[in-house]
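Letter by letter, the chains look like this.
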Amino acid sequence: MRRARRFGAVGLLASLVVLTGCSSDLKLDGKDVDDKAPFLQQLEGDWRNAVGKQEVSLGDGSHCWLARAKESKEFDRQAFCGPIRHLGAKTDGIFDVWSFDAQVDGDGKLTMSNAQPKSTGADFPADREAWRPDGATIPENAEAVELPKAPPVDKGFLELIDGLQLTEPKKPDPKAGHIVTPSVDLKVGEVAEVATLPGTNGAALRGPAEGEVLRAITFTITPGPEGVDDPKTKTTYAVKVGTTRKPLVLTGEADPEPRLQTLVAGIPEGEDAQLVVISGGVEQTLSLTTGERTSKNVPAYYRSAAEVRLDKTYPLTKAVNGLFGLEHTVRFTTVTLKPYLGNGGWAKPGTVWLKFDFDNGSLRRTAAVNYYKTATYDSAKSLMLTDDKGRKYPLAGALPTLREGGANQSWFAIGVADDVKSLTMTYAPVANFEADPFWIKQANPKSGTLNFKPMTVTFALPQ
């Protein structure tokens, strides 16, 4: 067996065989044909000229044969040339097929025209016999011809190649083939090992570097849950093999429609590489071999859901202490799990933010005269969360004690352990008040506390 990338002119001249000698009967359209078949020599020359300009491997004893019916001796108007394998072949066959037009006159003289390539990677038809005027047969080891190797890419190859068709791709589990950051949502489509890539600089194809394989991964990028406007959460990327990193520029979150992208990386044989996704200083990773997430942090992004509908109203309630009184109501609408919160940053390791949204709140004084300053609230005493393991989380920030007069819409957030399965919220506003110095003599009492009656609501968190 002989392998050659390009079949040069010297090889062409040396391999042209004078197709003469004894042969079997040969017929076309029921008529006898000159069995010296000089047209086959011309076709073989055209075939060798054509493959001499291509990346191929030619086997020893390569020729062109007619496919002849075993009984009638009729031949098809096509020739099978080989054994040959083409760079990047999609099939296992070892013959090029050339078709031609042919007519035979009453003297058996055959006229052939319009010979041209029809297909590559073909098998010789099982119901036909291979025939040539010199009696040469297809080599017994014809199948042993190896595929030619494509020119290799550089080691550590890394490139985005849009439109690359993957052979025998695998689809990762959608839940695992997914990375979310505050600013982007990256979903994996398919992964595959690829034998060759489209060529550059005149080469038809490119192959892997020595000792490496080429792995491809397709994905889309869309905006994340916090949007793309916050520069603190801008997402950046890298590819990591062992301890070696190579920066990578990916875009797409601003596209009006998701765009399928394909990343190809050269990876040492037997090793894996990681796509590293970084946002706000937090790294997440994804295998380029399986397409699935390998990092275990920020698990709240990957729960079955992110939002719990509460729709629980604290009814209009009055609290009075002497001359001072308040009336309050509010509706808690939703609770959302948030690994990242715009003004709070990433939740501490092992915790997750719970963002409570509320609306339809009102707060107004009920005293006939205004002897007092606006009340302030003791956050830690006014709202408490207790989880299914008995751990307590007081509210340390703003309370849904809305500005006096009318309704508005706002939110507050509390950090809780990320293994929580259910929570009980106890809401019992505590208001501290004191007299205005100008009305100190009239006010009764001079200062004090209002304690509203408690409301509790228990809810489960998505897992």
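Our structure's up above, just so we're on the same page.
Summarised in this report is the structure supplied together with it. Nothing here was measured: the structure is a model prediction, and the numbers come from that model.

## With respect to the layout of surface pockets
Roughly 890 Å³ of internal volume is contained in the largest pocket. Lining the largest pocket are 33 residues; nearest its centre among them are Gly88, Ala89, Val194, Ala195 and Thr196. For the lining of the largest pocket, the secondary-structure elements that each account for two or more residues are strand 4 (75–86), strand 10 (184–194), strand 11 (197–198) and strand 13 (212–223). In terms of residues, the lining of the largest pocket owes the most to one element, strand 13, which gives three residues. Surrounding the second largest pocket, 17 residues form its lining, Ala300, Tyr301, Tyr302, Arg303 and Ala306 being those nearest its centre. The residue inventory of the lining of the second largest pocket, partitioned by class, reads nine nonpolar, three polar and five charged.

## Thoughts on the state of the cysteines
For the structure shown, the criterion picks out one disulfide. Here Cys64 engages in a disulfide with Cys81; their sulfurs sit 2.0 Å apart. Measuring the twist about the S-S bond at about 110 degrees, one finds the Cys64-Cys81 disulfide to be right-handed. One end of the pair, Cys64, is in strand 3 (residues 56–69); the other, Cys81, is in strand 4, with 17 residues separating them in the sequence. Comparing Cys64 with Cys81, the two get one shared label, buried.

## Here we look at the sheet that holds strand 18 (residues 282–287)
Read across the open sheet, the four strands follow the order 15-14-17-18; overall the sheet is antiparallel. Among the strands making up the open sheet, the edge pair consists of strand 15 (244–248) and strand 18. For this sheet, the mean inter-axis angle between neighbouring strands, taken without regard to orientation, is 30 degrees. Bridge count between strand 14 (residues 235–241) and strand 17 (residues 274–279): six bridges; the pairing is antiparallel. Its bridge partner being in strand 17, Lys240 is matched across the sheet by Gln274.

## Some points on the nonpolar core
One broad trend across soluble globular proteins is that nonpolar side chains are buried collectively. Counting residues in hydrophobic clusters, the biggest one holds 42 residues, and the most contacted among them are Leu326, Phe332, Leu354, Phe356, Leu383, Leu385 and Phe459. Those elements that place two or more of their residues in this core are strand 19 (307–321), strand 20 (324–338), strand 23 (351–365), strand 25 (383–387), strand 27 (410–417), strand 28 (422–427), strand 29 (430–434) and strand 31 (455–460). In terms of residue count, strand 20 provides more of this core than any other element does, six residues in total. Residues Val191, Ile267, Ala273 and Leu288 belong to the second largest nonpolar core, which totals 27 residues.

## As for the pairing of strand 28
Note on strand geometry: in a regular strand, side chains alternate between the two faces of the sheet. What you see with strand 28 is a clean split: Leu423, Met425 and Tyr427 sit on the buried side and Ser422, Thr424 and Thr426 on the side with no burial. Across five bridges, strand 25 lies against strand 28 in antiparallel orientation. Across the sheet, residue Asp387 finds its bridge partner in strand 28, namely Leu423. Sheet analysis places strand 28 next to strand 31, joined by six bridges and oriented antiparallel. Looking at the pairing, Thr426 lines up with Thr456 of strand 31.

## Structural notes on unusual backbone geometry
Following Gly82, the chain continues to Pro83 via a peptide bond in cis, the omega torsion being 0 degrees. Mapped onto the elements of the fold, Pro83 is located in strand 4. With an omega dihedral of 5 degrees, the bond running from Asn444 to Pro445 counts as a cis peptide bond. Along the chain, Pro445 falls in the loop between strand 29 and strand 30 (447–451). If you check the backbone angles, Asp29 has positive phi at about 55 degrees while not being a glycine. Topologically, Asp29 is positioned in the loop between strand 1 (27–28) and strand 2 (31–32). Look at Asp311: it is not a glycine, yet its phi comes out positive at around 50 degrees. Here Asp311 shows up in strand 19.

## A look at the side chain of Thr181
On the secondary structure map, Thr181 appears in the loop between strand 9 (178–180) and strand 10. Ignoring anything within four residues of it in the chain, the contact list for Thr181 reads Gly224, Pro225, Thr235, Val277, Ser279, Gln284 and Tyr301.

## Let's talk about the sheet that holds strand 19
The strand order 19-20-23-27 describes an open sheet built from four strands, whose pairing is antiparallel. Two strands lie at the open edges of the sheet, namely strand 19 and strand 27, each paired on one side alone. Taken over all neighbouring pairs, the strand axes of this sheet differ in orientation by 25 degrees on average, direction set aside. When strand 19 meets strand 20, the two strands line up antiparallel, connected through 11 bridges. Considered in strand 20, the bridge of Ala319 is made with Leu326.

Definitions and cut-offs
Residues numbered from 1 in each chain as written. Predicted model: local features only at pLDDT ≥ 70, side-chain atom pairs only at ≥ 80, totals over all residues. Heavy atoms only, no water. 1 Å grid on protein atoms, 1.4 Å probe; cavity = no way out; pocket = protein on both sides within 12 Å on 5 of 7 lines; lining within 4 Å. Points joined across faces, edges and corners; volume = space filled by probe spheres on them. Helix = DSSP H or I, 4+ residues; strand = E, 2+ residues; numbered from the N terminus. Nonpolar A, V, L, I, M, F, W, Y, C, P; charged D, E, K, R; others polar. Disulfide = S-S within 2.5 Å. Buried < 20%, exposed > 50% of the residue type's maximum accessible area, 1.4 Å probe, protein only. Pairing = 2+ DSSP bridges. Axes fitted to C-alpha atoms, helices over the stretch in contact; angles between N-to-C directions. Core = buried A, V, L, I, M, F, W, Y, C linked by side-chain atoms within 4.5 Å. Contact = heavy atoms within 4.5 Å.

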